[in-house]
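Below, each chain spelled out in residue letters.
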Amino acid sequence: MASTMAMPTGIKGKLASLEDFISMQNEELAAQRQEIEALRGDKSNIEQHYQGQLQEMKKTMVADVQRMQEEVKSHFGQQKAENGRLQQQITTLKGEKTALQQQILGLQRRIQEIEEHIGCD
């Protein structure tokens, strides 16, 4: 605006020109301040949005971890019971094996006695 008009030569003209310039700068400054406030508001809204999402993710993850811990605990208990059952079966089978081995030894002695008896006659 000032460039299209002739430059004032008097002090009043220069003062008026400076006042116009200062007024334009103040308007620009006010517009920039409004823009800064708008950006701060946007930033705050975005932070709140992501903070909410973060909290929701934390809650979901904590719930998932707790659920998994309960599942592991449950599976651990089941596995422990199964291990005990299998150990009992192993103990029973070992006892049966020992009994069968003793029966086999007894039968082998009897066979030997019968063979000796038959052989003597």
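What comes next is a walk through the structure. None of the values given here were measured: they were computed from a predicted structure.

Attention now moves to the environment of Gln-55. Mapped onto the elements, Gln-55 comes out in helix α1 (residues 11-120). The partly exposed category is assigned to Gln-55, whose relative accessible area is 37%. When the C-alpha positions of Gln-55 and Arg-40 are compared, they lie 22 Å apart, and in sequence the two are 15 residues distant.

Among the secondary structure elements, Gln-51 is positioned in helix α1. Classification of Gln-51 as partly exposed rests on a relative accessible area of 42%.

Let us look at the pattern of salt bridges. With the rule as written, the count across this model stands at seven salt bridges. Taking the shortest distance from any N to any O, the salt bridge between Glu-37 and Arg-40 comes out at 3.0 Å. Of the two residues, Glu-37 and Arg-40 both sit in helix α1, three residues apart, roughly one turn of that helix. The class of Glu-37 is partly exposed, set by a relative accessible area of 47%. For Lys-59, the salt bridge goes to Glu-56, with nearest N and O atoms at 3.8 Å. With Lys-59 and Glu-56 both in helix α1 and three residues apart, the pair spans about one turn of that helix.

The subject of this paragraph is a nonpolar patch on the surface. A contiguous nonpolar patch, built from Leu-18, Phe-21, Ile-22 and Met-24 and spanning about 400 Å² of accessible area, is present on the exposed surface. Structurally, the position occupied by Leu-18 is in helix α1.

For Arg-40, a relative accessible area of 53% translates into the label exposed. Between the alpha carbons of Arg-40 and Thr-91 there is a distance of 74 Å; along the sequence they are 51 residues apart.

Each value, and the rule that gives it
- Residues numbered from 1 in each chain as written.
- Predicted model: local features only at pLDDT ≥ 70, side-chain atom pairs only at ≥ 80, totals over all residues.
- Heavy atoms only, no water.
- Helix = DSSP H or I, 4+ residues; strand = E, 2+ residues; numbered from the N terminus.
- Buried < 20%, exposed > 50% of the residue type's maximum accessible area, 1.4 Å probe, protein only.
- Salt bridge = Lys/Arg side-chain N within 4 Å of Asp/Glu carboxyl O.
- Patch = residues over 30% accessible without salt bridge, like charges linked within 9 Å, V, L, I, M, F, W, Y side chains within 5 Å.
- Areas by Shrake-Rupley, 256 points an atom, 1.4 Å probe, with all protein chains shown as cover.

Geometry only, nothing functional implied.
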